[in-house]
Amino acid sequence: MEAKSLQTFSPFAGSRHVGWKSPSNIALVKYWGKRDYQLPRNPSLSFTLSNSFTETSVEYSYTRKEKPTIAFVFEGKSKKSFKTRVEKYLQTVGVYLPFLKHLDLKIKSVNSFPHSSGIASSASGMSALALCLTSMEQRLFGTPEGRKNFLNKASFLARLGSGSAARSVYGDYVLWGEHAAMEGSMDEAAVQIDIAGKDRWELGDAILITSSEKKKVSSSVGHALMEHHPYAEARYEQARIHIPQLAEAMKTNQDTAFQEIVENEALSLHALMINSNPGFTLMNNNTWSIIEEVREYRKKTGTFVAFTLDAGPNVHLIYRKKDKEQILEFIHSELIQYCENGYWIDDAIGSGPIELN
Ligand code: PMV
């Protein structure tokens, strides 16, 4: 499949253009801990979002120069730290996309959510760029052939930029990481999974921003701290158990099991951070207040609702779209006081990336 892309292509005049809009995703079963090059220590399961996305475009032209140029513009401005990350990423994926060394690139990227909102943009950003690179290969060489191979390669490339980005190339529910009970699953790339009775799992995600500050400890440092963590093996096993349990809970419409697994996953993730060595805390007092409010609200109303967390202090409130009115009422009356400047993002499950003209 990759052989053709290893050949050189005929030089072309002028510049060509490709663009993708790719969403972020929220993990229900979390990936935390990696091995070798960006391979997960345990499988993870997420759903893809709809309103939190990155739009990336790449203008590429043939060059004979020894060292091609890379220009990177983020939201109309050049941003040194992002450019360095993109350059490093392009170097890494160059092994799989050798044609890149013959191209000058002008990359432009914008996010739908404010950059300083505390929302991780690596999943949407890296998947958008990986999709652009895969499209370039397809246009230049005709590979990967077909939609399935295309998405598999895009997911593989996205993974090399950020593990969770591997899941963002697909819509709906997505699994990344090999699991004996999940057919077709693999560590190298994510796969879309079919949840029986999916209609009942049309979920909303209200992202409650408790702090927009930059994280004190990056995800890469957090993943690395799992290496000598005393609870690492137990954690990987817990995630392996949670994957089929969650799929079964969804298939058989067990709301309580869903809530328990999802919330337990979020708390396990943060517990592992707290008792890493050195330990660190990403949750804040408002994160805890929201968690308590959610537990209270569920007890009082019986409404289906669950909280989850990424590697940060912001709370994802997962609910059924059909209950949106009630949930909005809950947010406005009880939760908004814990959000920084009253800010939250109204998001929901989505159908995945879209190619831009
Ligand atoms: O993709 P990374 O390396 O930023 O790691 C993301 C890890 C979590 O967001 C905490 C969990 C996950 O599975 O998305």
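Being a predicted model, the structure only gives us computed values, none of them experimental.

**Student:** Sorry if this is basic, but what is going on with the sheet that holds strand β12 (residues 344–348) here?
**Tutor:** Backbone hydrogen bonds hold the strands of a sheet together, and the pairing may be parallel or antiparallel. Strand order in the open sheet formed by four strands is β10-β11-β9-β12, and the pairing between neighbours is antiparallel. Only two strands of the sheet have a single partner each, and these edge strands are β10 (305–309) and β12. Strand-to-strand twist in this sheet, taken as the mean axis angle between neighbours without regard to direction, amounts to 25 degrees. As paired strands, strand β9 (residues 203–208) and strand β11 (residues 315–320) are joined by six bridges and run antiparallel to one another. Note on β11: the bridge partner recorded for Asp 205 is Ile 318. Contacting β9, β10 and β11, helix α7 (residues 255–274) runs over the sheet at an angle of about 20 degrees to β10. Packed onto the sheet, helix α9 (residues 324–335) meets β9, β10, β11 and β12 and runs at close to 150 degrees relative to β11.

**Student:** Whenever I open this one, the packing of helix α3 (residues 122–141) against helix α4 (residues 146–161) confuses me. Can you help?
**Tutor:** The geometry of a pair of packed helices is captured by two quantities: the angle between their axes and the separation between those axes. Direction vectors running N to C along α3 and α4 enclose 135 degrees, while the axes themselves pass 8 Å from each other. On the basis of the axis angle, α3 is oblique to α4. In this structure, α3 crosses over α4, and the sense of that crossing is right-handed. Here Met 126, Ser 127, Ala 130, Leu 131, Thr 134, Ser 135, Glu 137 and Gln 138 of α3 come into contact with α4, specifically with Gly 146, Phe 150, Leu 151, Lys 153, Ala 154, Leu 157, Ala 158 and Gly 161. By residue class, the composition of the contact of α3 with α4 is eight nonpolar, six polar and two charged.

**Student:** Would you take a moment to explain the domain arrangement of the protein chain for this structure?
**Tutor:** Many descriptions give the size of an interface as the accessible area lost when the pieces come together. Each assigned domain of the protein chain is listed here: domain 1 (4–194) and domain 2 (200–348). Distance between the C-alpha centres of domain 1 and domain 2: 26 Å. Taken together, the contacts link 30 residues of domain 1 with 42 residues of domain 2. Between domain 1 and domain 2, a total of about 3,000 Å² is buried, with carbon and sulfur atoms accounting for 66% of that surface. If you sort the residues of domain 1 by the area they bury against domain 2, Leu 28, Lys 30 and Trp 32 come out on top, with a joint share of 27%. Along the contact surface separating domain 1 from domain 2 lie one salt bridge. When the shortest N-O distance is used, the salt bridge between Arg 41 and Glu 227 registers 3.0 Å.

Cut-offs applied
- Residues numbered from 1 in each chain as written.
- Predicted model: local features only at pLDDT ≥ 70, side-chain atom pairs only at ≥ 80, totals over all residues.
- Heavy atoms only, no water.
- Pairing = 2+ DSSP bridges.
- Helix = DSSP H or I, 4+ residues; strand = E, 2+ residues; numbered from the N terminus.
- Axes fitted to C-alpha atoms, helices over the stretch in contact; angles between N-to-C directions.
- Contact = heavy atoms within 4.5 Å.
- Parallel < 35°, antiparallel > 145°, perpendicular 65-115°, else oblique.
- Left-handed = near helix turned anticlockwise from the far one by under 90°.
- Nonpolar A, V, L, I, M, F, W, Y, C, P; charged D, E, K, R; others polar.
- Domains from an automatic or database assignment.
- Buried area = accessible area lost by both parts, 1.4 Å probe.
- Salt bridge = Lys/Arg side-chain N within 4 Å of Asp/Glu carboxyl O.

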